[in-house]
Amino acid sequence: MENEAGQEIADALGMLLRRSTRTQLHRRLTEGMGEGVDELTYPVLSTLARTGPRSAADLAPDVGVDRSGVTRRASRLEAAGLLRREPDPADGRAYLLVLTERGRAAVAELRARLAAHITASLASWPPGEAERFARDLRRFLAEGPFA
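This one's a predicted model, so the numbers in the text were calculated from it and none came from an experiment.

Draft legend 1. Quick look at the overall build of the chain. On a plain count of helices and strands, the chain comes out with 7 helices and 2 strands. From first element to last, N terminus to C terminus, the chain shows the α and β order α-α-α-α-α-β-β-α-α. Along the first, second and third principal axes, the C-alpha set of the chain runs to 55 × 30 × 25 Å. By the burial criterion, 29% of the 147 residues in the chain qualify as buried. Pairs at least 24 apart in sequence give 45% of the contacts found in the chain among residues at least 6 apart. When the accessible surface of the chain is split by element, carbon and sulfur atoms take 56% of a total near 9700 Å².

Draft legend 2. Quick look at the nonpolar core. Formed by 22 residues in total, the largest nonpolar core has its most connected members in Leu45 and Leu97. Among the secondary structure elements, those contributing two or more residues to this core are helix H3 (42–51), helix H4 (56–63), helix H5 (67–79), strand E2 (91–99) and helix H6 (101–121). Setting aside residues no more than four positions away along its own chain, Leu97 makes contact with Leu48, Pro53, Arg54, Ala56, Leu59, Val70, Ala74, Leu83, Arg84 and Arg85.

Draft legend 3. Inspection of H4 at higher detail. Among all positions of H4, only Ala56, Leu59, Ala60 and Val63 are buried. What you see down the axis of H4 is that its buried residues fit within an arc of 120 degrees, all on one side. Of the surrounding secondary structure, the elements contacted by the buried residues of H4 are H3, H5 and E2.

Draft legend 4. Looking closely at the packing of H4 against H5. At a closest axis distance of 8 Å, the pairing of H4 and H5 adopts a crossing angle of 100 degrees. When the axes of H4 and H5 are compared, the pair comes out roughly perpendicular. Of H5, the residues touching H4 (which contributes Ala56, Ala57, Leu59, Ala60 and Val63) are Arg67, Val70 and Thr71. Across the contact of H4 with H5, the residue classes tally to 6 nonpolar, 1 polar and 1 charged.

Draft legend 5. Representation of the environment of Leu45 in the model. Turning to its location among the elements, Leu45 is positioned in helix H3. You can call Leu45 buried: its relative accessible area is 0%. Sequence separation between Leu45 and Arg102 is 57 residues, and the spatial gap between their C-alpha atoms is 11 Å.

Draft legend 6. Spatial organisation of the pattern of salt bridges. The final tally for this structure, using the stated rule, is 9 salt bridges. Across the salt bridge formed by Asp91 and Arg93, the nearest N and O atoms sit 3.2 Å from each other. Between Arg139 and Glu143 there is a salt bridge whose closest N-O contact spans 3.1 Å. Note that Arg139 and Glu143 are positioned in helix H7 (residues 129–143) at a spacing of 4 residues, about one turn of the helix. The class of Glu143 is exposed, set by a relative accessible area of 58%.

Draft legend 7. Looking closely at a nonpolar patch on the surface. A surface patch of nonpolar side chains, about 690 Å² in accessible area, is lined by Leu16, Leu17, Trp125, Phe133, Leu137, Leu141 and Phe146. Counting residues per element, the ones that place at least two in the nonpolar patch are helix H1 (2–17) and H7. Sort the elements by how many residues they give to the nonpolar patch and H7 lands first, with 3 residues. On the secondary structure map, Leu141 appears in helix H7.

Rules used throughout
- For every chain, the first residue of the written sequence is number 1, and numbering continues from 1 along that sequence.
- Local features in this predicted model are restricted to residues of pLDDT 70 or higher, and side-chain atom pairs are both shown and tallied only at a pLDDT of 80 or more, whereas totals for entire chains, interfaces and linings draw on every residue.
- Hydrogens and water are ignored here; the side-chain numbers use all heavy atoms of the structure.
- A helix here means a DSSP run of H or I that spans at least four residues, while a strand means a run of E at least two residues long, and both kinds are numbered starting from the N terminus.
- Residue exposure (1.4 Å probe, protein chains only): buried if accessible area is under 20% of the type maximum, exposed if over 50%, otherwise partly exposed.
- When checking whether two residues touch, look at their non-hydrogen atoms; a contact exists if any pair is within 4.5 Å.
- Per-residue and other accessible areas follow the Shrake-Rupley method at a 1.4 Å probe size, with only the shown protein chains counted as cover for residues.
- Definition used in this section: a nonpolar core is a set of buried Ala, Val, Leu, Ile, Met, Phe, Trp, Tyr and Cys residues joined via side-chain atoms within 4.5 Å.
- In this description, the arc belongs to the directions extending from the helix axis to the C-beta atoms.
- Lines fitted to the C-alpha atoms define the axes, with helices restricted to the stretch that makes contact. Angles between their N-to-C directions range from 0 to 180 degrees.
- Working definition: roughly parallel below 35 degrees, roughly antiparallel above 145 degrees, roughly perpendicular at 65 to 115 degrees, and oblique for all remaining angles.
- All residues other than Ala, Val, Leu, Ile, Met, Phe, Trp, Tyr, Cys, Pro, Asp, Glu, Lys and Arg, Gly among them, are scored as polar; the first ten of these are nonpolar and the last four charged.
- For salt bridges, the criterion is a side-chain nitrogen of Lys or Arg within 4 Å of an Asp or Glu carboxyl oxygen.
- In this scheme, patches are assembled from residues that exceed 30% relative accessible area and form no salt bridge. Like charges are connected within 9 Å, while nonpolar side chains (Val, Leu, Ile, Met, Phe, Trp, Tyr) are connected within 5 Å.

In structure tokens form, the structure reads like this:
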């Protein structure tokens, strides 16, 4: 019985972690956000907001594309005024990608949209169940295979 629960969780995580699932969600969240913000640049914005300034090479594994892919996306975000490049104090040859105030505002809007989307999708759940799920998910992340 325990192994069945583990398999169900593994199957659900597989669906969540699929690139196509994430891309579809990112497309929905970024709709109408303006120049430079789309399903391709969303991961760059989101990761920089979570981690702080990083080089394209350091950001690449978290975003799921190579350094040149991050650089192309960063150039679009820079042209839209959502990030800037600053010299890396630890490596004079490299640049750090840094969110601008507009970039931080875009991330705040995207996070609000994501929270609203999640809340709406859980609206039919019985009272308290969504809160319990949130608690259990935090615990799973802290104590489970991703810890």
